[in-house]
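Here are the chains, one letter per residue:
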Amino acid sequence: MSAIYENTTISIELADRLRAMPKIELHVHLEGATDAATVWELAQRNKVTPPVARLEEWQAMYAFRDFNHFLDVYGFAMQCMQTADDFTFMVERFLAEQARQNVRYCEVFLSASFMLDNFPQDEVIAVLTEGIKHGKEKYDIELRFIPDIGRQVPETRHKVLDFVLKGFEKGIFIGLGLGGMEVGFPPKLFTDVYDEARRQGLHLLAHAGETVGPESVWGAINDLKVERIGHGVRSAEDPKLLEYLAETQTPLEVCPHSNYRLGVTPLDEPHQMRALVDAGVFCTVNSDDPPMFSTDLTSEYLLFAKQGFSWDELWQLNLNAIKASFLTDEEKEAYRAEWKEFYAKVDK
Ligand code: HPA
Ligand code: ZN
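Along each chain, the written sequence defines residue order, and numbers are assigned to residues from 1. Whichever chain is written first becomes A and whichever ligand is written first becomes 1, with later ones labelled in order. Reporting in this predicted model follows two pLDDT cut-offs: at least 70 for local features of residues, and 80 or more for side-chain atom pairs to be given and counted; totals over whole chains, interfaces and linings ignore these cut-offs and use all residues. As a rule here, side-chain values cover all heavy atoms of the structure and leave hydrogens and water aside.

**Quick notes on the overall build of the chain**
The following threshold applies: Only DSSP runs of H or I covering at least 4 residues are called helices, and only runs of E covering at least 2 are called strands; the numbering of each starts at the N terminus. Restricting the calculation to C-alpha atoms gives the radius of gyration, and the globule rule supplies 2.2 Å times the number of residues raised to the power 0.38. We call two residues in contact when some of their heavy atoms are within 4.5 Å. Accessible surface area values rest on a Shrake-Rupley calculation with a 1.4 Å probe, where residue burial reflects the displayed protein chains alone.
Within the chain, the regular secondary structure consists of 16 helices and eight strands. The C-alpha atoms of the chain give a radius of gyration of 19 Å, which matches the 20 Å a tight globule of 348 residues would have. Across its three principal directions, the C-alpha atoms of the chain cover 50 × 45 × 45 Å. Long-range pairs, those at least 24 residues apart, make up 76% of the contacts in the chain with a sequence separation of at least 6. Accessible surface, the chain as shown: approximately 14,500 Å² in total, 52% of it carbon and sulfur.

Given below as structure tokens:
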């Protein structure tokens, strides 16, 4: 059965605009932005034994059966990323890909709970600092990183917070995130480190409302007091939550291909984005783990266009990313000016 979201066609003009427009991405994981062939290359280089014998079989594993299968593949990919050189290489590939799509600024998650056993922290911070500099010089792209705690390993939370604070002092980390297995690991397990992170001035985020329903989003709001929600699409199941999100204009980082590929949104249904936007919820468009879900940021906008979102609505979602970012007001104004210039050129 073909998916409903692939059934409609859109004008070439709209597709071209979505490709060309300057963009901001607020929800993308560095490890998950590394494609299967690169992970394979890293496995050989670092002498990690893959779970299968050939690259083609490894690539075939990216057809995820469910969220847990995805986490297994993601977990193996992370084991292959072991040296500073690996991260330099991954950041360079990431930047080249974002530049190709006219992405101008990104807030990038790092799966810190798993990385910290492989690496001296200062070395990671040095490599990422260099990556930010390189992004600016070679691609004119700004990057900031947000290390996250893996929910399934709550015992790593203090170590991750220490790491985040180190990079925060140096201006390369801007916040604390929470990812991984939502089922069985509710937000309240992490209240202590979120309280401390807030005291220290970090921005606070969490994945929620992806594989668990509205109660997980309520938990992220009430127990962790997050500023943005990763995914949050299952908020559409709770009218009171929709009302709350619309009233507070709490941003959601929506990643539609990820939702379809992991079964969060049924393939034969339109994405929850329509219900969220129509309820007045403040949404942004993001790609999550792009090569793992055969997508990129442009394709996420194209998906919504194919589901009937107009140019004006898509442009508004693109503007929303500036507002929901953790940039300073002055930096946001500079991006707004750039967006305005593009809009004036195409929307005559
Ligand atoms: N959800 C939770 N954890 C993750 C994801 C996701 O979509 N991507 C990478 N880590
Ligand atoms: Zn994510």
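Still more to cover.
**Some thoughts on the coordination of the zinc ion (ligand 2)**
To keep it simple, the criterion reads: Nitrogen, oxygen and sulfur within 2.8 Å of a metal are treated as its donors, or within 3.2 Å for sodium, potassium and calcium (Na, K, Ca); water is not counted, so a site can appear incomplete. All geometry calls rest on donor angles, where a four-donor set with angles between 85 and 135 degrees is tetrahedral, four- and six-donor sets with opposite donors more than 155 degrees apart and all others between 65 and 115 are square planar and octahedral, and all else is irregular. Working definition: with a 1.4 Å probe on protein chains only, accessible area under 20% of the residue-type maximum means buried, over 50% means exposed, and in between means partly exposed.
At this site the zinc ion (ligand 2) is bound by H27 (NE2), H29 (NE2), H207 (NE2) and D288 (OD), with donor distances of 2.1 to 2.2 Å. Coordination at the zinc ion (ligand 2) is irregular: its four donor atoms span angles of 88 to 171° at the metal. Mapped onto the sequence, the residues coordinating the zinc ion (ligand 2) show the spacing H-x1-H-x177-H-x80-D. Judged by its relative accessible area of 0%, H27 falls in the buried class.

**A few points about the state of the cysteines**
The criterion, for reference: Note on disulfides: each one is a pair of cysteine sulfur atoms within 2.5 Å.
Scanning the entire structure with this criterion turns up zero disulfides. C283 takes part in no disulfide bond, and the closest cysteine sulfur to it belongs to C255, at a distance of 11 Å.

**Details of the packing of aromatic side chains**
Operational definition: Side-chain rings of Phe, Tyr and Trp, where Trp is taken by its six-membered ring, are said to pair if the distance between their centres is within 6.5 Å; with planes under 30 degrees apart they count as stacked, over 60 as edge-to-face, and otherwise as tilted. Sitting over a ring, as applied to charges here, requires NZ of Lys or CZ of Arg to be within 6 Å of the ring centre and within 35 degrees of the ring normal.
Here the structure, examined in full by the defined rule, presents 18 aromatic pairs. Judged by centre distance (5.3 Å) and plane angle (85°), the rings of F64 and F70 are edge-to-face. Taken as a pair, F64 and F70 share a single burial class, namely buried. Positioned over the ring face of W311 is R17, at 4.9 Å from the centre of the ring.

**A word on the site of ligand 1**
Let me state the cut-off plainly: When at least one non-hydrogen atom of a residue lies within 4 Å of a molecule or strand, that residue is treated as near it. Under this definition, polar contacts are N or O atom pairs within 3.5 Å; protein pairs additionally need one hydrogen-donor-capable and one acceptor-capable atom, and for neighbouring residues in sequence, both atoms have to be side-chain atoms. Each residue receives one of three labels: charged for Asp, Glu, Lys and Arg, nonpolar for Ala, Val, Leu, Ile, Met, Phe, Trp, Tyr, Cys and Pro, and polar for the others, Gly being one of them.
Residues in contact with ligand 1, as listed here, are H29, F67, F70, Y74, G179, G180, H207, E210, H231, D288 and D289. D289 has a polar side-chain atom sitting 2.8 Å from a nitrogen atom of ligand 1. If ligand 1 stood free it would expose 260 Å²; the protein chains cover 97% of that surface. A total of three residues in the shell around ligand 1 trace back to one element, the largest contributor, which is helix 4 (residues 67-79). Considered class by class, the residues forming the shell around ligand 1 number three nonpolar, five polar and three charged.

**Quick look at the layout of surface pockets**
Using the following cut-off: Whether a set of points on the 1 Å grid over the protein atoms alone is a cavity depends on a 1.4 Å probe fitting there but being unable to get out, while an open set qualifies as a pocket with protein on both sides within 12 Å along at least five of seven lines; lining residues are those with an atom within 4 Å of a point. Grid points are joined across faces, edges and corners, and a volume is the space filled by probe spheres set on the points.
Put simply, the largest pocket is a space of about 260 Å³. In terms of lining residues, the largest pocket is bounded by 24 residues, among which F70, L71, Y74, G179 and G180 are the most central. Elements represented by at least two residues in the lining of the largest pocket include exactly helix 4 and strand 3 (142-150). Considered class by class, the residues forming the lining of the largest pocket number nine nonpolar, ten polar and five charged. The computed volume of the second largest pocket comes to approximately 170 Å³. Taken together, 17 residues form the lining of the second largest pocket, with A33, R93, F94, E97 and P291 sitting closest to its centre.

**What to know about the pairing of strand 1 (residues 23-29)**
Using the following cut-off: Paired strands, as defined in this entry, are two strands with at least two bridges between them according to DSSP.
Burial analysis of strand 1 places seven of its seven residues in the buried class, the great majority of the element. Judged from the five bridges that link them, strand 1 and strand 2 (residues 103-111) form a sheet pairing that is parallel. Paired with I24 across the two strands is Y105, which belongs to strand 2.

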